Amino acid sequence: MKTDVLVLGAGIVGTASALELQRRGRSVAIVDLGEPGAETSYGNGGFVQSEAYLPPPFPRKLGTLLRYARNRSVDVSYHPSALWALLGPFAQYWRNSSPRRVMEIARARAPLISRSTDDHLRLATEVGAADLYHRGGFIQGFRREESFAALLDANLEARREFSIPCDILDAKRLREAEPDLAHVFIGGVHWTAPFTVRDPGDLVQLYARRIRENGGVVAQANAHALEKTNLGWSLPSSQGEIIAREVVICLGPWALPIVEKFGYRPPMFHKRGYHMHYSAAGNALRLPFGDSDRGYVLAPMRRGIRLLTGAEFAPADAPATPVQLARAEPFAREALPALGEAIDPKPWLGSRPCFPDMLPVIGAGPERGLWYAFGHAHQGFTMGPTTGVLIAQLLTGEEPFTDPRQYRPDRF
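Residues numbered from 1 in each chain as written. Predicted model: local features only at pLDDT ≥ 70, side-chain atom pairs only at ≥ 80, totals over all residues. Heavy atoms only, no water.

This part covers the overall build of the chain. Looking only at helices and strands, the chain has twelve helices and 22 strands in total. At 21 Å, the chain has a C-alpha radius of gyration in line with the 22 Å of a compact globule built from 412 residues. Reported as C-alpha extents along the three principal axes, the dimensions of the chain are approximately 65 × 45 × 40 Å. Residues counted as buried form 59% of the 412 residues belonging to the chain. A separation threshold of at least 6 residues defines the contact pool for the chain, and within that pool the share at least 24 residues apart is 77%. By element, 53% of the accessible surface of the chain is carried by carbon and sulfur atoms, the whole surface being about 17200 Å². Placing the 47 positive and 43 negative side-chain charges of the chain at their respective mean positions leaves the two points 3 Å apart. (Helix = DSSP H or I, 4+ residues; strand = E, 2+ residues; numbered from the N terminus. Rg over C-alpha atoms; globule rule 2.2 N^0.38 Å. Buried < 20%, exposed > 50% of the residue type's maximum accessible area, 1.4 Å probe, protein only. Contact = heavy atoms within 4.5 Å. Areas by Shrake-Rupley, 256 points an atom, 1.4 Å probe, with all protein chains shown as cover. Lys, Arg positive; Asp, Glu negative; His and termini not counted. Charge placed at Lys NZ, Arg CZ, Asp CG, Glu CD.)

Rendered as structure tokens:
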């Protein structure tokens, strides 16, 4: 079959890109190894983080680095075998984490963050998914005055520059906001603007359904079989060979070996993460809640309360080592006594694709007709629909809503 554009990767970035291309009159086929929305786009906290202008910086305090080096934390864990390959990207990441550079990166992230909720809701309305979205934001809780003050100080400049709304809660107001939390928190920050989605995987499934309804093809295929031909690009799929004039690579953590095949070798690395669902009594948690001093998140989902861990650095094909979940669960039960039994038969594992400047790659690749949209780190779910707008504008020659050079693939 022939199509204008072949999109590799059926997560939220890929499906949003396909919908935006269809909106601009392009015929589209989108492929993935599995079902749409079954990987990284499924396993996140469901946050549309319209407050997340600041990138997560590489730690610079000696005490924090020593704590991570002991490899016993909830928020960071690592496989020693992964560290050698990470030295180069980590050195760049560290350089990009100075206060001045962090604010520069925040300004580069701003075009993708500032319109994220609008683009999410526009697509949600189009595909019939508006009921999946919940307004009200999320809460970060603190057990120690020092970490509470440090958070407020670290994001003060960003809150002022980007007019980020939030509500500072003392212990009493935090208990009023979340009555089922234990009295172990001295206060918190309620980020009021973000939206949350109670089933991010279902959202992407609805995107995929609309792509089909619009006449597009949704198929299974192995992206490693992509080849450049005289006719354009070719890929065998579950629905036959797909021939396309142009290809958009939206493969997230699986993009690297594909783009390397065509001459692009960026310093991408992975932050793996785990989650597990638990039952809970009644409406035990009104909003998603992050325990900032212990490094985990509790997010209400359709399936139950989702407990999410921080970052694990490991080889991409390493077996699952969900030690962070085991470390987090006692703290989560202390914080939320209503947390019930585990529902999932085993922990879920996924990967966040990261670049050392915590910005995605969005733009044209070195081969004619090849486009990139991946590497969103912690904000792939947030930035997915807006990335779809930008890559569709670039591919179709439309005036982009922002200067795309800050995301250009050759910036490294």
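Still more to cover.
Secondary-structure assignment places Glu126 in helix H5 (residues 116-127). What makes Glu126 partly exposed here is its relative accessible area of 24%. Apart from the residues lying within four places of it in its own chain, the contact partners of Glu126 are Leu19, Arg23 and Arg210.

For the structure on display, the rule yields 31 salt bridges. Between Glu20 and Arg23 there is a salt bridge whose closest N-O contact spans 3.2 Å. With Glu20 and Arg23 both in helix H1 (residues 12-23), this residue pair falls three residues apart, about one helical turn. Owing to a relative accessible area of 1%, Glu20 belongs among the buried residues under this scheme. Connected via shared salt-bridge partners are Glu20, Arg23, Arg24, Arg115, Asp119, Arg122, Glu126 and Glu398. (Salt bridge = Lys/Arg side-chain N within 4 Å of Asp/Glu carboxyl O.)

Here Arg143 lies in the loop between strand S6 (138-142) and helix H6 (145-154). Look past the residues within four positions of Arg143 in its chain and what remains in contact with it is Val184, Phe185, Ile186, Asp291, Asp293, Arg294, Tyr296, Phe331, Glu334 and Ala335.

Quick look at the side chain of His376 now. With respect to the secondary-structure elements, His376 resides in the loop between strand S22 (370-374) and helix H12 (380-396). There is a polar contact of 2.8 Å between the side chain of His376 and the side chain of Thr387. Beyond its immediate chain neighbours, meaning those up to four positions away, His376 contacts Val13, Pro353, Pro360, Ile362, Met383 and Thr387. (Polar contact = N/O pair within 3.5 Å; in protein donor to acceptor, adjacent residues only side chain to side chain.)

Between H1 and H5, the least distance of the axes is 12 Å, while the angle of their chain directions is 75 degrees. When the axes of H1 and H5 are compared, the pair comes out roughly perpendicular. The residues of H5 that touch H1, namely those facing Ile12, Ala16, Leu19, Glu20 and Arg23, are His120, Arg122, Leu123, Glu126 and Val127. Broken down by class, the residue content of the contact of H1 with H5 amounts to five nonpolar, one polar and four charged. (Axes fitted to C-alpha atoms, helices over the stretch in contact; angles between N-to-C directions. Parallel < 35°, antiparallel > 145°, perpendicular 65-115°, else oblique. Nonpolar A, V, L, I, M, F, W, Y, C, P; charged D, E, K, R; others polar.)

Here the focus is the packing of helix H4 (residues 99-114) against H12. The description of two packed helices rests on the angle between their axes and on the distance between the axes. In the contact formed by H4 and H12, the axes pass within 8 Å of each other and the chain directions differ by 95 degrees. On the basis of the axis angle, H4 is roughly perpendicular to H12. Residues Arg109, Pro111, Leu112 and Ile113 of H4 lie in contact with H12, whose contacting residues are Thr382, Met383, Thr386 and Leu390. Split by residue class, the contact of H4 with H12 holds five nonpolar, two polar and one charged.

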